[in-house]
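Now for the letters of each chain:
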Amino acid sequence: IRGVQTALLDDSLLVEGQQDQYVRIAQRIEALSWAIMAAAVPLAMVVVHWWGPGATLIADAMLALVGIPLTLQLRETPRVETAEEVTFGSTVTALRQLMQNIMVRWLIALQTVLNTSLYIGYWLVALYYAALGIPVILFGAILAVRSLWKAWLSHYFHQTNQLGRAMVVYAGLAGAVLVAMAFQHLWLVWVVLGHDIVLARAISPLDRLLNNYMDEAHRATLNSAVGL
């Protein structure tokens, strides 16, 4: 569904003549989602209390199973000025043309590395806290604080210049956090904030760059394909 969200935002800003505001607005949308996550922590703690930490991963999978068929019902926005009919074949052709661009391949590789490390780190941090002897109640409180920290970062800080150097820093920071967690030292617990910095700031600028290379008639589907 992220592809639809990304394409809708990009198209809306194009109509308003505010495409340069994409990263700022996308990250403010993300900030709202982090704030909502902080508010939902008590519900997650109830789930963990009754069924254990693994139940949250099962719940995540169940939500994905519900979301996938709903997402497949979404269609591209019809465009009066576009004569081409959007079909499965034309979408495959657009995806093939997109992947022929070497810059696109590098951007997708970087996005894949970042997303994968962030997803793994998001789930490993529960095991990391458990190894440190942090109780579930305190873990929930920390999760709420971290969610608000990410909401603050997303809302106020937008990476729009020197993006290449920033992405190298983000990739290194994501790896450093995973390595630091492996040592399982209590004094290193603060390093997970670095994980949050990457999560809050790195993805929206990459989405914006990729949109520049996409055929607008297939942008939602292409963004979803890249995400998968």
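Because the structure is a prediction, the values reported are computed rather than measured.

**Description of the nonpolar core**
Note on soluble globular proteins: their nonpolar side chains tend to be buried together. Counting 19 residues, the largest nonpolar core has L114, M167, Y170 and L210 as its most contacted members. Breaking this core down by element, the ones donating at least two residues are α5 (88-99), α6 (102-131), α8 (163-183), α10 (203-211) and α11 (219-227). Looking at this core, the element that brings in the most residues is α6, giving 5 residues. Among all residues touching M167, those that are not within four sequence positions of it are L110, L114, A202, P205 and L206.

**Details of the packing of helix α1 (residues 2-16) against α10**
In contact at an axis separation of 11 Å, α1 and α10 are set at 70 degrees when each is read in the N-to-C sense. Between α1 and α10, the angle is such that the two are roughly perpendicular. Judged by the sense of rotation from one axis to the other, the crossing of α1 with α10 is right-handed. Across the interface between the two elements, R2, T6 and D10 from α1 touch I203, D207, R208 and N211 from α10. Of the residues that constitute the contact of α1 with α10, the class distribution is 1 nonpolar, 2 polar and 4 charged.

**Points about the packing of helix α3 (residues 41-51) against helix α7 (residues 136-156)**
It is the contact of α3 with α7, at a shortest axis distance of 10 Å, that shows an interaxial angle of 150 degrees. One finds that α3 runs roughly antiparallel with respect to α7. In this structure, α3 meets α7 at a crossing whose hand is right-handed. Of the residues in α7, those in contact with V41, M45 and V48 of α3 are V136, I137, G140, L143 and A144.

**Observations concerning the packing of aromatic side chains**
For the structure on display, the rule yields 7 aromatic pairs. Taken together, a centroid distance of 6.3 Å and an interplanar angle of 70 degrees make the contact between Y119 and W123 edge-to-face. Taken together, the residues span about one helical turn, with Y119 and W123 both in helix α6 at a distance of 4 residues. With a centroid separation of 5.8 Å and an interplanar angle of 90 degrees, the aromatic rings of Y122 and W123 are classed as edge-to-face. Take W123: its relative accessible area is 23%, and that puts it in the partly exposed class. Through a chain of ring-to-ring contacts, three or more aromatic side chains come together here, namely W149, W152, Y156 and F157. Sitting over the ring of W34, K150 keeps its end group 4.0 Å from the ring centre.

**Quick notes on the confidence of the model for the chain**
Averaged over every residue, the pLDDT of the chain is 82; the share at 70 or more is 92%. Within the chain, α11 has the poorest average pLDDT of any element, 79, and helix α2 (residues 22-39) the best, 89.

**A word on empty space enclosed by the protein**
In the structure shown here, the tally under the stated rule is 1 cavity of 30 Å³ or more. One number sums up the size of the largest cavity: a volume of about 60 Å³. Elements with a minimum of two residues in the lining of the largest cavity: α1, α2 and α10. Considering only residue class, the lining of the largest cavity consists of 4 nonpolar, 3 polar and 3 charged.

Calculation rules
- All residue numbers refer to position in the chain's written sequence, counted from 1.
- Local features in this predicted model are restricted to residues whose pLDDT is 70 or higher, and side-chain atom pairs enter the listing and the counts only when it is 80 or higher, whereas totals over whole chains, interfaces and linings include all residues.
- The basis for the side-chain values is all heavy atoms of the structure; hydrogens and waters are excluded.
- Put simply, a nonpolar core is a bunch of buried Ala, Val, Leu, Ile, Met, Phe, Trp, Tyr and Cys residues held in one set by side-chain atoms that sit within 4.5 Å of each other.
- Only protein chains enter the accessibility calculation, which uses a 1.4 Å probe; a residue whose area is less than 20% of its type maximum is buried, one above 50% is exposed, and one in between is partly exposed.
- The helix and strand labels rest on DSSP assignments: H or I over at least four residues marks a helix, E over at least two residues marks a strand, and numbering proceeds from the N terminus.
- Here, residues are in contact when the closest pair of their heavy atoms is within 4.5 Å.
- For helices, the fitted axis covers only the stretch in contact; all axes are lines through C-alpha atoms, and the angles between them, taken along N-to-C directions, range from 0 to 180 degrees.
- If an angle is under 35 degrees, it is roughly parallel; if it is over 145, roughly antiparallel; if it lies from 65 to 115, roughly perpendicular; otherwise it is oblique.
- Here a crossing is taken to be left-handed if its near helix is turned anticlockwise relative to the far helix by less than a right angle, and right-handed if that turn runs clockwise.
- Classes in brief: Ala, Val, Leu, Ile, Met, Phe, Trp, Tyr, Cys and Pro nonpolar; Asp, Glu, Lys and Arg charged; the others, Gly included, polar.
- Each pair of aromatic rings taken from Phe, Tyr and Trp, with Trp reduced to its six-membered ring, is defined by centres within 6.5 Å and is described as stacked if the planes are under 30 degrees apart, edge-to-face if over 60, and tilted in the remaining cases.
- Charge over a ring is defined by NZ of Lys or CZ of Arg lying within 6 Å of the ring centre and within 35 degrees of the ring normal.
- For every residue, the pLDDT score states the predictor's confidence, bounded by 0 at the bottom and 100 at the top.
- Grid points spaced at 1 Å and placed over the protein atoms alone form the basis of the search, with a cavity being a set where a 1.4 Å probe fits but cannot get out and a pocket an open set showing protein on both sides within 12 Å along at least five of seven lines. Lining residues have an atom within 4 Å of a point.
- Grid points are joined across faces, edges and corners, and a volume is the space filled by probe spheres set on the points.

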